[in-house]
Amino acid sequence: MADETSQLQDSSESTTVVVIGAGPAGLTVATLLQHSGIDCVVLERHSREHVAQRQRAGIVETRAVRMFDSWGLTDRVLGGVPYDGILEFRVDGRSHLVSDSDGSDGPSARLCPQQILVQKLTQTFLDGGGDLRFEAADVSPHDLTGDRPTVHYRTADGTTHAITCDFVAGCDGDHGVSRTAVPDGALTAHAFDHGIGWLTVLADAPPPAHPLLAVNARGFAAHFPRGPYASRYYLQCPPDDHPDAWPEARIWDALRTRLGDPALVCGPITDRETFRLRSLVHDPMQYGRLFLVGDAAHIVSPMGGKGMNLALYDADLLARAVRDFVRSDDDTALRTYSSRCLRRVWNDQEFSHWLTRTLHDAGDAAPFPRHLARARLDRLFNAPASARAFAELMTGLDPTGEAVISQEVPGNLFAHGGD
Ligand SMILES: Cc1cc2nc3c(=O)[nH]c(=O)nc-3n(C[C@H](O)[C@H](O)[C@H](O)COP(=O)(O)OP(=O)(O)OC[C@H]3O[C@@H](n4cnc5c(N)ncnc54)[C@H](O)[C@@H]3O)c2cc1C
């Protein structure tokens, strides 16, 4: 094997923050740091084209829209169209419209597919002179508990590079390298498997009038907008089902039955996959000068649309914390980053878990849990206080996570390292 150090170049490179991963979390951290005049380098394993096409989330929640607004970035980074704040529940074919807006005149949620947000963040960061390196292979962070961590990576010509920094933002998703750089035992993983499978389908087919969640004895189904002529559908399936078990005709039949819409217009299917609903939280979201952001720290089951929105929440907190440190030598927000993020993470995990159980149990569960779940839906549709609490959670404007700042990380980790 070639001696790594013999090919090491640019070892004197230095920046304030190395951001690993150019998904929603990494690009938001980088763009907000740039907006604060703080230098950073983003290392992304894939090509720009690959990252720009990854279709996943579809709604930027109200809280996240207001976060971008507070940075003066809404018009530049958010595409899509405003969301009218109405969610449709269809129970055994019967429609119930529920408001998930806060009723104020402030900026509200947007129907902005994840890949549009990623494309716009990328463009904004690059237009501002940002340093974003695609196709960075073998990224590995080192010396995370020292004053000046180093991140190594390899370019396509085989050259290994090293960048020294003050902080590493681990924004590389659930299968990235940031978390694996943390020694065993330093983080606790809290994992939960819901025992439920979903088939997810993307199609060039008309979006629904409102995001639609359907309860049916055959299982849960959903239909979400993903653009002017694009839709994402979900169908509950056995936890280990394979996409091959779902030929096109079976998908459209199941959707028409469970959505209670025999006239549902179909279209060419562009992607389909199956996955198990699972939730995962790593605590703390920090190790030395490494800060985990978004899916690198936590996975939320898709119900409630919180995964990407939590990534944006973490990114905002981290960027502000680094800004406080660089501008004012104040490390309070760095020390409380993990506990503040985790408070919101658990809040949103609970909401997602509640909605997951309610919408699946109301359909195909045993009689007792089915009745409980239907009682919860009845309360949501008919009790104004329940509807208000639901809207608060959907918008992300619930006060949880914004108020008390809990434990700080002890020690003197964040003295200035110097170049
Ligand atoms: C089918 C599906 C539907 C979803 N729907 C919703 C929804 O409706 N609402 C919602 O809020 N959320 C949704 N989510 C969740 C949402 O997509 C994620 O929470 C979000 O992508 C997290 O962003 P992230 O930047 O933390 O991670 P990612 O988007 O995973 O980005 C990580 C980035 O890091 C890069 N990377 C990985 N490893 C390395 C490495 N070793 N070196 C360098 N770079 C690396 C990756 O290439 C990627 O670009 C959905 C997810 C799925 C799978």
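Residues numbered from 1 in each chain as written. Predicted model: local features only at pLDDT ≥ 70, side-chain atom pairs only at ≥ 80, totals over all residues.

Quick look at the overall build of the protein chain now. For the protein chain, the count of helices and strands is ten helices and 21 strands. Its C-alpha atoms give the protein chain a radius of gyration of 22 Å, near enough to 22 Å, the size a compact globule of 419 residues would have. When its C-alpha atoms are laid out on the principal axes, the protein chain stretches across 65 × 45 × 40 Å. Classification of the 419 residues of the protein chain by burial places 45% in the buried group. (Helix = DSSP H or I, 4+ residues; strand = E, 2+ residues; numbered from the N terminus. Rg over C-alpha atoms; globule rule 2.2 N^0.38 Å. Buried ≥ 20, exposed ≤ 12 C-beta atoms within 10 Å, placed from the backbone.)

Backbone torsion omega between Asp283 and Pro284 reads 0 degrees, so that peptide bond is classified as cis. By the secondary structure assignment, Pro284 is in the loop between β18 (269-283) and β19 (286-287). In the Ramachandran plot, Glu135 falls in the positive-phi region, its phi being about 55 degrees despite a non-glycine side chain. Within the element layout of this structure, Glu135 appears in the loop between β9 (131-133) and β10 (137-142). Judged by C-beta crowding, with 15 C-beta atoms within 10 Å, Glu135 ranks as partly exposed. Residues other than glycine seldom take positive phi values, yet Asp329 does so here, at roughly 60 degrees. Checked against the element boundaries, Asp329 lands in the loop between α7 (307-328) and α8 (332-364).

Locating His96 in the fold gives a position in strand β7 (residues 94-99). Between the C-alpha atoms of His96 and Val81, which are 15 residues apart in sequence, the distance is 23 Å. Residue contacts for His96: discarding those within four places in its chain leaves Phe89, Val91 and Phe381. (Contact = placed C-beta atoms within 7 Å.)

The next subject is the nonpolar core. Grouped together as the largest cluster of nonpolar side chains are 75 residues, with contacts concentrated most on Val17, Val18, Val19, Val29, Ala169, Val293 and Leu318. With twelve residues, α7 is the single largest residue contributor to this core. The residues touching Val29, leaving out its near neighbours within four places in the chain, are Val19, Ala169, Cys171, Val293, Ala315, Leu318 and Ala319. Membership of the second largest hydrophobic core comes to 33 residues, among which are Trp198, Val215, Tyr233 and Ala362. (Core = buried A, V, L, I, M, F, W, Y, C linked by C-beta atoms within 7 Å.)

Okay, the site of the ligand next. For the ligand, the set of nearby residues contains 33 residues, the closest of which are Gly21, Gly23, Gly173, Gly294 and Gly307. Among the elements that take part in the shell around the ligand, α7 stands out by supplying four residues, more than any other. Here the residues of the shell around the ligand are counted per class, giving 14 nonpolar, 13 polar and six charged. (Near = placed C-beta within 6 Å. Nonpolar A, V, L, I, M, F, W, Y, C, P; charged D, E, K, R; others polar.)

Turning our attention to helix α1 (residues 24-35). An ideal rise of 1.5 Å per residue puts 16 Å on twelve residues; α1 measures up with 16 Å between its terminal C-alpha atoms. Every buried residue belonging to α1 is among Pro24, Ala25, Gly26, Leu27, Thr28, Val29, Ala30, Thr31, Leu32 and Leu33, and all of these are buried. Close packing links the buried residues of α1 with β2 (17-20), β3 (40-43), α4 (74-77), α5 (114-127), β13 (167-170) and α7. Residue Gly37 follows α1 closely and has a positive phi angle near 75 degrees. (Expected span 1.5 Å × (residues − 1).)

Turning to the confidence of the model for the protein chain, a few remarks are in order. The predicted model of the protein chain averages 92 in pLDDT, with 93% of residues at 70 or higher. Taken as a whole, residues 1-6 scores under 50 in pLDDT and shows two contacts with residues more than four places along the chain or in a different chain. Every residue in residues 403-407 scores below 50 in pLDDT, and together they form five contacts with partners more than four places removed in sequence or on other chains. (pLDDT = per-residue confidence, 0-100.)

When the terminal C-alpha atoms of helix α10 (residues 384-395) are compared, their 16 Å separation across twelve residues agrees well with the 16 Å that a helix rising 1.5 Å per residue should span. Burial in α10 covers these residues: Phe390, Ala391, Leu393, Met394 and Thr395. Each element contacted by the buried residues of α10 is listed here: α3 (62-70), β7, α8 and α9 (367-382). Gly396, located one to two residues past α10, shows a positive phi value of around 80 degrees.

Below, the discussion takes up the pairing of strand β15 (residues 212-215). Of the two faces of β15, the one carrying Leu212 and Ala214 and the one carrying Leu213 and Val215 are both buried. Taken together, the four bridges between strand β6 (residues 86-91) and β15 define a ladder with parallel strand orientation. Note on β15: the bridge partner recorded for Glu88 is Leu212. If you look at the hairpin formed by β15 and strand β16 (residues 221-225), you'll find five residues sitting between the two strands, and Gly219 has a positive phi there, around 130 degrees. (Pairing = 2+ DSSP bridges.)

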